[in-house]
Structures are given as structure tokens and as C-alpha cells.
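Here's the letter readout for the chains.
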Amino acid sequence: MNDEAEELGPIDYLIVEFPGNRMTGEGLPLLVDLVDRGLIRILDLTFVRKEEDGSVSGLELADLTGDGELDLAVFEGASSGLLGQDDLEEASAALEPGSSAGILVYENRWAAPFAAALHRGGAQVVASGRIPVPALLAALDTTDSAR
């Protein structure tokens with residue numbers, strides 16, 4: 001494993017659906033902040049639209065808020081080549097017709113030093129996962145009501 005790979009943090013992806021193709025851009029400043037603070041590194045960011053007939057097409061970067069400024073200009077060219085057409089088609093299967101989505105692949109840079117230290121010590125991650133927020137809240141509610 002080369003030095004660059006040893007310093008990589010975990011890589012995650014998100015598919016964020018915008019029902020009715022309503023993208024407001026409200027979360028973009030927060031995403032930029034995560035990048036600016038070095039917490040994440042965007043590897044890929046692309047947008048797709050799923051038409052009512054189920055067909056899927058890519059969306060161009062645009063002015064989402066209507067203020068005349070290209071809201072996504074900071075992300076233009078964010079493409080590592082990890083996402084292929086088959087990935088976009090698979091992602092679109094999770095979307096409702098008449099919706100669009102942002103597909104984000106990112107490195108958790110905050111975890112890179114921790115992961116590198118574990119690797120140097122001979123440890124290896126054998127499983128990982130994510131607990132969805134609704135599932136966590138439901139579990140906490142169940143725990144609270146059992147007390």
C-alpha cells in the first residue's frame with residue numbers, strides 16, 4: 001500500500017433526493033464549510049433527474065437559488081471517475097419519478113490520521129456501517145419509554 005492510500009480516510013457516498021425537482025441550495029454552504037475545514041474531501045458530485053416515465057438524465061451545475069450566481073461553481077469538475085453510468089442508474093433506482101438527486105462521494109478526512117495510526121499498528125477494519133438517524137431516534141424512544 002502506498003503512502004497516499006495509507007493516509008486516506010473512509011470513503012462514503014450519499015444520494016440526496018429532491019422530490020419534485022426542488023433544489024434550494026440551502027445545504028451547499030454547509031457542504032463548502034466541511035470542505036474548507038478539511039473534514040471531508042469531495043471525490044465526486046453529480047446530479048441526476050428521474051423523469052415521470054422513469055428515464056434518467058444528468059443535470060448541469062446551475063443557479064439553484066435564482067440569485068444569478070452559479071451556486072455549485074465551487075464543485076465544478078468534482079469528478080474522480082469513481083462514478084460510472086451503472087452507478088448513476090443504480091442510484092436512480094432509489095428515486096421517485098419526477099425527482100432529482102445529488103450523488104456525493106466523499107472522503108472523511110477527519111478520520112484519515114486515526115485510520116493511518118490503526119494501520120501502522122497492524123489493525124484493520126473488518127466491518128463498518130451507519131445507523132440511520134430515524135432508526136437511532138426510534139431506538140432511543142424505545143429505551144426512554146422502557147425506563
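Refer to the structure presented above.
On a predicted model such as this, the values are computed, not experimentally measured, just so you know.

Visitor: Looking at this structure, how should I read the environment of Lys-50?
Guide: Among the structural elements, Lys-50 can be located in strand E2 (residues 40-50). Given the relative accessible area of 12%, Lys-50 is considered buried. Taking C-alpha positions, Lys-50 is 5.6 Å from Gly-98, a pair spaced 48 residues apart along the chain. Residue contacts for Lys-50: discarding those within four places in its chain leaves Ser-55, Val-56, Ser-92, Ala-93, Leu-95, Glu-96, Pro-97, Gly-98 and Ser-99. A polar contact of 3.0 Å, which involves the side chain of Lys-50, links it to the backbone oxygen of Leu-95.

Visitor: Even after reading the chapter, I still don't get the side chain of Asn-108, so can you show me in this structure?
Guide: Structurally, Asn-108 is set in strand E4 (residues 99-108). Asn-108 sits in the buried class, given a relative accessible area of 8%. A polar side-chain atom of Asn-108 sits 2.9 Å from a polar atom in the side chain of Asp-12. Excluding residues that lie within four positions of it along the chain, Asn-108 makes contacts with Gly-9, Pro-10, Asp-12, Leu-39 and Ile-40.

Cut-off values and rules
Residues numbered from 1 in each chain as written. Predicted model: local features only at pLDDT ≥ 70, side-chain atom pairs only at ≥ 80, totals over all residues. Heavy atoms only, no water. Helix = DSSP H or I, 4+ residues; strand = E, 2+ residues; numbered from the N terminus. Buried < 20%, exposed > 50% of the residue type's maximum accessible area, 1.4 Å probe, protein only. Contact = heavy atoms within 4.5 Å. Polar contact = N/O pair within 3.5 Å; in protein donor to acceptor, adjacent residues only side chain to side chain.

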